[in-house]
Amino acid sequence: DNGGWARCNVVRNASYDKDSKVWRNELGWTMYYEGISNTDNKHRIMVATSLDGRTWEKQGLILDVGSSDSDWDCGGVGSPHVIRMDDGTTRMYYTGQGEDGSTAIGVAKCISNDNAASAEGWAREQAQFTFAE
């Protein structure tokens, strides 16, 4: 993200108590932000962490562009918005851009709340649509 950054979502760190079904605040903050690459000028979703909400440490890439030119979000991903759900899962809604410049909203699910600040902690959720005739 050496090219710059824009559009961020800051969330307080939290853990989910399965017995009480409640999110409990933990020490620190996590920022999901849109970074711009100097290499290909594409936008990607990055992450940084902070203990006090003022001093931030970059952790790196959290969600990359689609891996092939036919992927709907191969042109860039950004505008992350992270939401903790009542069932203890965490979702990230984001904007994806295709090779032709078209945009759509994507969803990624946090696979492990313990890994929410690493790329291994997230997976895209893809929907398939069938239109009736």
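As a reminder, the structure under discussion sits directly above these lines.
These lines cover the structure that appears in this document, whether it is placed above or below.

### Focus: the overall build of the chain
Working step 1: For the chain, the helix and strand inventory stands at 0 helices and 8 strands.
Working step 2: Its helices and strands in sequence order give the chain the pattern β-β-β-β-β-β-β-β, from N to C terminus.
Working step 3: A globule of 133 residues ought to have a C-alpha radius of gyration of about 14 Å, and the chain, at 16 Å, matches this closely.
Working step 4: In terms of overall dimensions, the chain has C-alpha extents of about 45 × 45 × 20 Å along its principal axes.
Working step 5: The 133 residues of the chain split such that 35% are buried.
Working step 6: Sequence separation of at least 24 residues holds for 38% of the intrachain contacts in the chain that already meet a minimum separation of 6.
Working step 7: Surface summary for the chain: the accessible area is close to 8,400 Å², and the carbon and sulfur share equals 47%.

### Considering the layout of surface pockets
Working step 1: Here the largest pocket defines a volume of roughly 420 Å³.
Working step 2: If you go around the largest pocket, you meet 23 residues; those closest to its centre are Ala 14, Ser 15, Asn 113, Asp 114 and Ala 116.
Working step 3: Elements with a minimum of two residues in the lining of the largest pocket: strand S1 (5-17), strand S2 (22-36) and strand S5 (76-84).
Working step 4: Among the elements that make up the lining of the largest pocket, the one with the highest residue count is S1 (6 residues).

### A look at unusual backbone geometry
Working step 1: Its identity as a non-glycine residue notwithstanding, Lys 21 has a phi of 60°, on the positive side.
Working step 2: Looking at where Lys 21 falls in the secondary structure, it is placed in the loop between S1 and S2.
Working step 3: For Asn 41, which is not a glycine, the phi torsion comes out positive at approximately 65°.
Working step 4: Mapping Asn 41 onto the fold places it in the loop between S2 and strand S3 (43-50).
Working step 5: Here Asn 41 falls in the exposed class, since its relative accessible area comes to 58%.

### Quick notes on the side chain of Thr 90
Working step 1: Counting through the fold element by element, Thr 90 comes out in strand S6 (residues 90-97).
Working step 2: Its relative accessible area of 4% is what places Thr 90 among the buried residues.
Working step 3: Leaving out residues up to four positions away in the same chain, Thr 90 has contacts with Trp 23, Val 82, Ile 83, Arg 84, Ala 108, Lys 109, Cys 110, Asn 113 and Trp 122.

### Here we look at the sheet that holds S5
Working step 1: With respect to topology, 4 strands assemble into an open sheet ordered S5-S6-S7-S8, the strand pairing being antiparallel. Only two strands of the sheet have a single partner each, and these edge strands are S5 and strand S8 (122-125). Within this sheet the neighbouring strands show an average axis-to-axis angle of 30°, counted without direction.
Working step 2: Relative to S8, strand S7 (residues 103-110) runs antiparallel, the two sharing 4 bridges. Pairing of Lys 109 across the sheet is with Ala 123, part of S8.

### Overview of a nonpolar patch on the surface
Working step 1: Residues Ile 83, Tyr 93 and Ile 105 make up a contiguous nonpolar surface patch of about 270 Å² in total accessible area.
Working step 2: Topologically, Ile 83 is positioned in strand S5.

What counts, and where the lines are drawn
- Residues numbered from 1 in each chain as written.
- Predicted model: local features only at pLDDT ≥ 70, side-chain atom pairs only at ≥ 80, totals over all residues.
- Heavy atoms only, no water.
- Helix = DSSP H or I, 4+ residues; strand = E, 2+ residues; numbered from the N terminus.
- Rg over C-alpha atoms; globule rule 2.2 N^0.38 Å.
- Buried < 20%, exposed > 50% of the residue type's maximum accessible area, 1.4 Å probe, protein only.
- Contact = heavy atoms within 4.5 Å.
- Areas by Shrake-Rupley, 256 points an atom, 1.4 Å probe, with all protein chains shown as cover.
- 1 Å grid on protein atoms, 1.4 Å probe; cavity = no way out; pocket = protein on both sides within 12 Å on 5 of 7 lines; lining within 4 Å.
- Points joined across faces, edges and corners; volume = space filled by probe spheres on them.
- Pairing = 2+ DSSP bridges.
- Axes fitted to C-alpha atoms, helices over the stretch in contact; angles between N-to-C directions.
- Patch = residues over 30% accessible without salt bridge, like charges linked within 9 Å, V, L, I, M, F, W, Y side chains within 5 Å.
- Salt bridge = Lys/Arg side-chain N within 4 Å of Asp/Glu carboxyl O.

Note that every value here comes from positions in space, so none of it alone points to a role or purpose.
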